[in-house]
Amino acid sequence: MKVFTLVAVIAICLLSCTKPQPLSPYLFGKWEVRKTYGGFIIPPDSTYKPGNGNIMQFNGDSTYSHFNQNVLVSKGVFHIRTGAFKNGATVYDEIYFDSDSSARSLIILSGDILTLKPLIPDISTTDYQKIGD
């Protein structure tokens, strides 16, 4: 009876575990800032016109490049934690850059808009629009 119970518990555990799905390859490519909002300190709410050159580029090898007015200002490695944050029934993936896991942001993909919403309330949420390579 103990063996049956152990086997049943293990089977239930294995069936209930779901393998996290990788973030859509749609994330890969270039995204240009369109809007920053919220946050208490930096930066103030702003809207940006297309062609502003404030770009995040995500590559399939988990590297990123950040451009400000088309000038490279940082690059490194990004990390995705799938299903890392839950708000009610909604589950979000998180992203953080390099090894700074304290500065995580929620990732929200909606059509050609990528929203990065920092978990630190002082920092603004940023909306990016997908642009051609």
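J.: Quick question: what am I supposed to make of the nonpolar core here?
T.: In globular proteins that are soluble, nonpolar side chains generally tend to be buried together. With 12 residues, the main nonpolar core is built from Leu27, Trp31, Val33, Met56, Phe58, Tyr64, Phe78, Ile95, Ile107, Leu114, Leu116 and Tyr128. Where this core is concerned, the elements lending two or more residues are strand S1 (29-37), strand S3 (55-58) and strand S8 (113-118).

J.: Looking at this model, I keep getting lost on the pairing of strand S6 (residues 90-97). Mind explaining?
T.: The side chains of a regular strand alternate between the sheet's two faces. Across seven bridges, the pairing between strand S5 (residues 71-87) and S6 is antiparallel. Bridging across to S6, histidine 79 finds its partner in tyrosine 96. Linking two consecutive strands that pair antiparallel, namely S5 and S6, is a turn of two residues; a positive phi of about 65° is found at glycine 88 within it.

J.: Explain the pattern of salt bridges to me, please; I cannot follow it from the model alone.
T.: If charged atoms from side chains of opposite charge come close, those side chains can pair. Counted under the stated rule, the structure contains three salt bridges. Between arginine 34 and glutamate 32 there is a salt bridge, and its shortest N-O distance comes to 2.7 Å. Pair check on accessibility: arginine 34 and glutamate 32 agree, each one buried. The partner of glutamate 94 in a salt bridge is arginine 104, and the shortest N-O contact between them spans 2.9 Å. Of the two residues, glutamate 94 is situated in strand S6 and arginine 104 in the loop between S6 and strand S7 (105-110); the sequence distance between them amounts to 10 residues. A relative accessible area of 1% places glutamate 94 in the buried class. Given the relative accessible area of 27%, arginine 104 is considered partly exposed. Here the salt bridges share partners, and the residues they tie into one network are Arg81, Glu94 and Arg104.

Reading guide: rules and limits
Residues numbered from 1 in each chain as written. Predicted model: local features only at pLDDT ≥ 70, side-chain atom pairs only at ≥ 80, totals over all residues. Heavy atoms only, no water. Core = buried A, V, L, I, M, F, W, Y, C linked by side-chain atoms within 4.5 Å. Buried < 20%, exposed > 50% of the residue type's maximum accessible area, 1.4 Å probe, protein only. Helix = DSSP H or I, 4+ residues; strand = E, 2+ residues; numbered from the N terminus. Pairing = 2+ DSSP bridges. Salt bridge = Lys/Arg side-chain N within 4 Å of Asp/Glu carboxyl O.

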